[in-house]
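Below are the chains, spelled out letter by letter.
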6 protein chains.
Amino acid sequence: MIKALYPGSFDPITNGHIDIIQRASTLCNEVLVTVLPNLSKSPLFSLEERVKMIETVTEEFPNVFVTTYSGLLVNFANEQNAQVIIKGLRAVSDFEYEFQMALMNRKLNTNVETIFLMTQSKNSFLSSSLVKEVARLEGCIKGLVPGPVEEALIKKFQHK
Amino acid sequence: MIKALYPGSFDPITNGHIDIIQRASTLCNEVLVTVLPNLSKSPLFSLEERVKMIETVTEEFPNVFVTTYSGLLVNFANEQNAQVIIKGLRAVSDFEYEFQMALMNRKLNTNVETIFLMTQSKNSFLSSSLVKEVARLEGCIKGLVPGPVEEALIKKFQHK
Amino acid sequence: MIKALYPGSFDPITNGHIDIIQRASTLCNEVLVTVLPNLSKSPLFSLEERVKMIETVTEEFPNVFVTTYSGLLVNFANEQNAQVIIKGLRAVSDFEYEFQMALMNRKLNTNVETIFLMTQSKNSFLSSSLVKEVARLEGCIKGLVPGPVEEALIKKFQHK
Amino acid sequence: MIKALYPGSFDPITNGHIDIIQRASTLCNEVLVTVLPNLSKSPLFSLEERVKMIETVTEEFPNVFVTTYSGLLVNFANEQNAQVIIKGLRAVSDFEYEFQMALMNRKLNTNVETIFLMTQSKNSFLSSSLVKEVARLEGCIKGLVPGPVEEALIKKFQHK
Amino acid sequence: MIKALYPGSFDPITNGHIDIIQRASTLCNEVLVTVLPNLSKSPLFSLEERVKMIETVTEEFPNVFVTTYSGLLVNFANEQNAQVIIKGLRAVSDFEYEFQMALMNRKLNTNVETIFLMTQSKNSFLSSSLVKEVARLEGCIKGLVPGPVEEALIKKFQHK
Amino acid sequence: MIKALYPGSFDPITNGHIDIIQRASTLCNEVLVTVLPNLSKSPLFSLEERVKMIETVTEEFPNVFVTTYSGLLVNFANEQNAQVIIKGLRAVSDFEYEFQMALMNRKLNTNVETIFLMTQSKNSFLSSSLVKEVARLEGCIKGLVPGPVEEALIKKFQHK
């Protein structure tokens, strides 16, 4: 019985995230998508909006759940009896940062293992921030994010 | 007949940029240096100052023109009938970011091709932000930027 | 009038190479695919076989030609009045090697410019050697190489 | 019920490999260490020697088994009903190669997932080939490989 | 007689920094730890607090001294008759940035040499910002920073 | 009193190596250029030829000496009372390999420190193997290697 956290700021969730969630859901008994506040950047969507969007676009996966957490991730893993943290890798720059985080998390709690899945090549250029930038400039984001997220992004930038 | 955009924030233009412009101008019929506002960082020079400096230091190239644009770059390429976006590569970290941008731009418009030129090795450590940092600390920037840009940088930091 | 060399060992040509050739053929007036002997590895296909395969799979591009060369590439560019060498980039490790080659070529001949095109993301994991390895182990290579190359690979490994 | 392959040439197995095996064995129901012949390099230890050494040094893990395979890895995963291929990552250069392999394997068989575990930082400089080089030069390899492997390496190079 | 600067923002000093300082102190006659203000990020500790902490945790090294500087580093090297700037390398991303800085510094003053020491593998995931993040979330930072820094970090975040 | 080894295969020595030797010779009391046999590649020049060439082109540096060694480098450092191993870094791929070697060497002997110097940007594309390849194809190698090495390379390839 493997329970996994899939942490991120998901501002907003992209098709790259969903690809990882889908594959994690076939490997693990339960995947808990864990939305982190992201203190360093001011988010476009509120925590509540992000959770709601993820719930909507992952409702087809019965073993995927969504929550938020603002403390130390390995403590949350402990509380939740999650043995695994899932991360998606796209590029070398991801790799170095994630390596550093994985080693720190192992130092903080040796019972929690970080495992990495490779993003599908067609999503390798996708990031939440790039999608936001394209949406802000009114470019077409179809195929980059799920339908409901596309609508939310368009609405968001109309109000700006 | 190849028309190319060479986009960047050029805050300010360095000898590395001019190296790329010169080589692009021998390959393409027309090169349109496209100054982007750069929302994420507060610029040292205004858009107008940047355009003027680039016009001054590229006036020897008859097929190089300067403009500004604040929307989606591939749309501007379309409006201008430019088939090509030129980017200069210096280092691995450039490469990953530019790869991501090139793939996104191809997704947004398959008619616009991004081509990459390598920066001359002697300019590989040059960046606008590093030049600004050296100028701010009153280090010698001769040889890193053209004469008029050197003067403008010195004046800028005297007034600060 | 831009004439470009597209050098490589093409042992064999893959869909990744064809993607680069197609895009180069829309940017340049003439693209000369230049098959290099590749001294360091013993090739699977002879130079003649490689040239023939490339001719077959690029015959739809009227401005693409195929040849072989075994000397210094920049000298061949000079002989051919080619101003440009085209290279495809897939990954960081490509980048460093190609950067080194481009700087050396510029040192040897400043009139020849190396330009880089990004491989489509769906081809980013494709390489001739990986395709050969999969074919050797009788894995399916459909979609990785053009039909005639697929057949040639299968035949080659049946005879081994 | 997750069954995983952990493929490699293991010539010989190091403490870095054992670190990955141990962690994989707590995440998966069964881990099948799969020794590949490694055609491109001439191995120091025969396939049989390598299998025997791995069996000896992993006997404390009841759900870890050892085998050899010389065909297409994803076919072997299918035969074995293994859903997962485990790989250890140490450095950026590993990452690019493994990324390429993982994407190719997914193309060949979408039912097999490659997951990556990070090597412990204290093992990040360990590789079978570096260990062999040190042993060949009669340097101390204690702490880099398990005791039986250390003995086998010393014996091997005495006979050379 | 080699005198070295070891520059950084040290906000706060970690065991990784101390590892570098210790090794530099055995190679050089004098090591001057040079605390830079770090304009781009708002620091957690004041310059004075940082200097005091470093003095406390390096007092066992008789040839290590601490100071602050806010101008051009190579000018400070000149003033201090330091021939060498010491930097620690952990990862590829460090490498590229430090390479750029080293080349710029050589351009500004060819008499000052930058030398690089590798961080011990067990510290490769350590950075001041990651340590601060863990401390802020009340994770255990024992073993990552010296005792006095651990206390200072805990106190700092209690007052927040 | 710092004594340094500068190891390499130097097949042949390039201007990039000489740049590192010159700078090492101003930092260290003695630099011992240590020519390694390089088992994995068949060398172009014999050990004796390589030593002689290095002696010729470094004779202006009174504190630089040349020798050969075929055992474990850290043992040689001990025998020679050398506290330091000098390595030149050019690119990310160098960095990862050298990092691995430096950590292994520290494991084998904690008294020997590896220090890294950055290659001048104008030499960043220079490698012995690339120079040999250009010389073999009769390209101009002036400015890449010292005069005597240029002559030796030309003679070598005339006889082939």
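Residues numbered from 1 in each chain as written. Chains lettered and ligands numbered in written order. Predicted model: local features only at pLDDT ≥ 70, side-chain atom pairs only at ≥ 80, totals over all residues. Heavy atoms only, no water.

### Section: the overall build of chain A
Thinking step 1. A count of helical and extended segments in chain A gives 6 helices and 5 strands.
Thinking step 2. Scanning chain A from its N terminus toward the C terminus, one meets helices and strands in the order β-α-β-α-β-α-β-α-β-α-α.
Thinking step 3. For 160 residues, the compact-globule formula gives about 15 Å, and the C-alpha radius of gyration of chain A, at 15 Å, lands near that figure.
Thinking step 4. Taking the principal axes of its C-alpha atoms as reference, chain A extends roughly 45 × 35 × 30 Å.
Thinking step 5. A burial count over chain A gives 61% of its 160 residues as buried.
Thinking step 6. For chain A, the accessible area works out to roughly 6800 Å², and carbon and sulfur atoms hold 49% of it. (Helix = DSSP H or I, 4+ residues; strand = E, 2+ residues; numbered from the N terminus. Rg over C-alpha atoms; globule rule 2.2 N^0.38 Å. Buried < 20%, exposed > 50% of the residue type's maximum accessible area, 1.4 Å probe, protein only. Areas by Shrake-Rupley, 256 points an atom, 1.4 Å probe, with all protein chains shown as cover.)

### Side note on the interface of chain D and chain A
Thinking step 1. Each side of the interface is counted separately: chain D has 24 residues, and chain A has 24 residues.
Thinking step 2. Note on chain D versus chain A: buried area summed over both sides is about 2200 Å², and carbon and sulfur give 74% of it.
Thinking step 3. Counting across the chain D and chain A interface gives 2 salt bridges.
Thinking step 4. At the junction of chain D with chain A, the criterion picks out 5 residue pairs in polar contact (both at pLDDT 80 or more).
Thinking step 5. For the side of chain D that touches chain A, the secondary structure elements donating two or more residues are helix 1 (15–27), strand 4 (84–89), helix 4 (92–108) and strand 5 (113–118) of chain D.
Thinking step 6. Examining the composition of the side of chain D that touches chain A, we find that 8 residues originate from one element, helix 4 of chain D, more than from any other.
Thinking step 7. Of the residues contributing to the side of chain D that touches chain A, the split by class is 14 nonpolar, 4 polar and 6 charged.
Thinking step 8. Alignment of strand 5 (residues 113–118) of chain A against strand 5 of chain D, held across 3 bridges, turns out to be antiparallel. Bridging across to strand 5 of chain D, A:L117 finds its partner in D:I115. (Contact = heavy atoms within 4.5 Å. Buried area = accessible area lost by both parts, 1.4 Å probe. Salt bridge = Lys/Arg side-chain N within 4 Å of Asp/Glu carboxyl O. Polar contact = N/O pair within 3.5 Å; in protein donor to acceptor, adjacent residues only side chain to side chain. Nonpolar A, V, L, I, M, F, W, Y, C, P; charged D, E, K, R; others polar. Pairing = 2+ DSSP bridges.)

### A closer look at the sheet that holds strand 5 (residues 113–118) of chain E
Note on sheets: strands pair through backbone hydrogen bonds, and any given pair is parallel or antiparallel.
Thinking step 1. Strand order in this open sheet of 10 strands is 3(E)-2(E)-1(E)-4(E)-5(E)-5(F)-4(F)-1(F)-2(F)-3(F), and the pairing throughout is mixed. Of all the strands in the sheet, just strand 3 (64–68) of chain E together with strand 3 (64–68) of chain F have a single pairing partner and so form its edges. Across the sheet, the axes of successive neighbouring strands diverge by a mean angle of 35°, strand direction being ignored.
Thinking step 2. Where strand 1 (residues 3–8) of chain E lies against strand 4 (residues 84–89) of chain E, 2 bridges are found, and the strand directions are parallel. Directly across from E:L5, in strand 4 of chain E, lies its bridge partner E:I85.
Thinking step 3. Along the sheet face, helix 1 (residues 15–27) of chain E touches strand 1, strand 2 (30–35), strand 3, strand 4 and strand 5 of chain E together with strand 4 (84–89) and strand 5 (113–118) of chain F and points at about 120° away from the line of strand 5 of chain E.
Thinking step 4. Along the sheet, helix 1 (residues 15–27) of chain F makes contact with strand 4 and strand 5 of chain E together with strand 1 (3–8), strand 2 (30–35), strand 3, strand 4 and strand 5 of chain F, crossing strand 5 of chain F at roughly 120°. (Axes fitted to C-alpha atoms, helices over the stretch in contact; angles between N-to-C directions.)

### Here's the deal with the environment of D:V31
All names here are of chain D.
Thinking step 1. The topology assignment puts V31 in strand 2 (residues 30–35).
Thinking step 2. Here the alpha-carbon distance between V31 and I54, two residues 23 residues apart in the chain, equals 13 Å.
Thinking step 3. Excluding residues within four positions of it along the chain, V31 makes contact with A4, Y6, A24, S25, N63, V64 and F65.

### Section: the pairing of strand 1 (residues 3–8) of chain D
Thinking step 1. Summarising burial for strand 1 of chain D: 6 of the 6 residues are buried, a large majority.
Thinking step 2. In this view, the connection linking strand 1 of chain D to its parallel neighbour strand 2 of chain D by way of helix 1 of chain D has right-handed handedness. (Right-handed = clockwise from strand over helix to strand, strands pointing away.)

### Some remarks on the relation of the copies chain D and chain E
Thinking step 1. Once turned by 180° and shifted 0.0 Å along the axis, chain D lies on chain E with an RMSD of 0.0 Å. In short, the pair behaves as if placed about a two-fold rotation axis.
Thinking step 2. A symmetric contact is evident, with 100% of the interface residues of chain D recurring at the interface of chain E. (Least-squares fit on C-alpha atoms with pLDDT ≥ 70 in both.)

### Notes on the pattern of salt bridges
Oppositely charged side chains can form a pair if their charged atoms are brought close together.
Thinking step 1. Per the counting criterion, the structure on display carries 54 salt bridges over all chains.
Thinking step 2. Across the pair B:K142 and B:E150 runs a salt bridge whose closest N-O atoms are separated by 3.2 Å.
Thinking step 3. Classification of B:E150 by relative accessible area gives buried; the value is 14%.
Thinking step 4. We note a salt bridge from E:K156 to E:E49, for which the minimum N-O separation is 3.0 Å. Note that E:K156 is positioned in helix 6 (residues 147–158) and E:E49 in helix 2 (residues 47–57), a separation of 107 residues in sequence.
Thinking step 5. Each of the salt bridges in this network shares a partner with another, and the network as a whole consists of A:D19, A:R23, D:R106 and D:E113.

### Describing the interface of chain D and chain E
Thinking step 1. Each partner contributes to the interface: chain D provides 5 residues, whereas chain E provides 5 residues.
Thinking step 2. Roughly 260 Å² is buried in total at the junction of chain D and chain E, and carbon and sulfur atoms are behind 65% of that figure.
Thinking step 3. At the junction of chain D with chain E, the criterion picks out 0 salt bridges.

### Things to note about the packing of aromatic side chains
Residue and element names in this part refer to chain C.
Thinking step 1. All told, the structure shown has 15 aromatic pairs over all chains when counted by the stated rule.
Thinking step 2. A ring pair is formed by Y69 and F76, whose centres lie 4.3 Å apart and whose planes are at 20°; its orientation type is stacked.
Thinking step 3. Its relative accessible area of 19% is what places Y69 among the buried residues.
Thinking step 4. Classification of F76 by relative accessible area gives buried; the value is 4%. (Phe/Tyr/Trp six-rings, centres within 6.5 Å; stacked < 30°, edge-to-face > 60°.)

### Comments concerning the sheet that holds strand 1 (residues 3–8) of chain B
Thinking step 1. Taken in spatial order, the 10 strands make up an open sheet running 3(B)-2(B)-1(B)-4(B)-5(B)-5(C)-4(C)-1(C)-2(C)-3(C), and their pairing is mixed. If you trace the sheet from one side to the other, it starts and ends with strand 3 (64–68) of chain B together with strand 3 (64–68) of chain C, each paired once. With strand direction ignored, the average angle separating the axes of adjacent strands in the sheet is 35°.
Thinking step 2. Sheet topology places strand 2 (residues 30–35) of chain C next to strand 3 of chain C; 5 bridges connect them, and they run parallel. Of the residues in strand 3 of chain C, the one forming a bridge with C:V31 is C:V64.
Thinking step 3. Of the strands in this sheet, strand 2 (30–35) and strand 3 of chain B are in contact with helix 2 (residues 47–57) of chain B, which crosses strand 3 of chain B at around 180°.
Thinking step 4. Contacts between helix 4 (residues 92–108) of chain B and the sheet are confined to strand 4 (84–89) and strand 5 (113–118) of chain B together with strand 4 (84–89) and strand 5 (113–118) of chain C, with strand 4 of chain B contributing the most and set at about 170° to the helix.

### Regarding the side chain of C:K87
All names here are of chain C.
Thinking step 1. Note on placement: K87 falls in strand 4.
Thinking step 2. Residue K87 is classed as buried on the basis of its relative accessible area of 17%.
Thinking step 3. A distance of 3.1 Å separates the side chain of K87 from the side chain of E98, its partner in a polar contact.
Thinking step 4. Residues within four places of K87 in sequence aside, it is in contact with P7, E98, T114, I115, F116 and L117.

### Points about the relation of the copies chain D and chain A
Thinking step 1. After a rotation of 180° and a shift along the axis of 0.0 Å, chain D superposes on chain A with an RMSD of 0.0 Å.
Thinking step 2. Take the interface residues of chain D: 100% of them recur as interface residues in chain A, which is what a same-surface contact looks like.

### A short note on the confidence of the model for chain A
Detail in the predicted coordinates should be disregarded across regions flagged by low pLDDT.
Thinking step 1. When pLDDT is averaged along chain A, the result is 92, and 98% of the positions lie at 70 or above.
Thinking step 2. Taken together, the chains of this predicted complex give a pTM of 0.92 and an interface ipTM of 0.90. (pLDDT = per-residue confidence, 0-100.)

### Regarding helix 6 (residues 147–158) of chain D
Residues and elements named next belong to chain D.
Thinking step 1. The end-to-end C-alpha distance of helix 6, which contains 12 residues, comes to 17 Å, matching closely the 16 Å that a straight helix rising 1.5 Å per residue would cover.
Thinking step 2. The complete set of buried residues in helix 6 reads V149, E150, L153, K156 and F157. Buried residues of helix 6 fall within an arc of 130° about the axis and therefore sit on the same side. More than 90 degrees from the buried face of helix 6, the exposed residues found are E151, K155 and Q158.
Thinking step 3. The inward-facing, buried residues of helix 6 abut helix 2 (47–57) and helix 5 (128–136). (Expected span 1.5 Å × (residues − 1). Arc of directions from axis to C-beta.)

### A look at unusual backbone geometry
Thinking step 1. Backbone torsion omega between D:D11 and D:P12 reads 0°, so that peptide bond is classified as cis.
Thinking step 2. Among the secondary structure elements, D:P12 is positioned in the loop between strand 1 and helix 1.
Thinking step 3. One non-glycine residue, F:F10, adopts positive backbone phi at about 45°.
Thinking step 4. Along the chain, the position of F:F10 falls in the loop between strand 1 and helix 1.

### Comments concerning the environment of C:N29
Residue and element names in this part refer to chain C.
Thinking step 1. When you line up the elements, N29 lands in the loop between helix 1 (15–27) and strand 2.
Thinking step 2. If sequence neighbours within four positions are ignored, N29 has contacts with M1, I2 and N63.
Thinking step 3. In this structure the side chain of N29 is engaged in a polar contact, spanning 2.6 Å, whose partner is the backbone nitrogen of I2.

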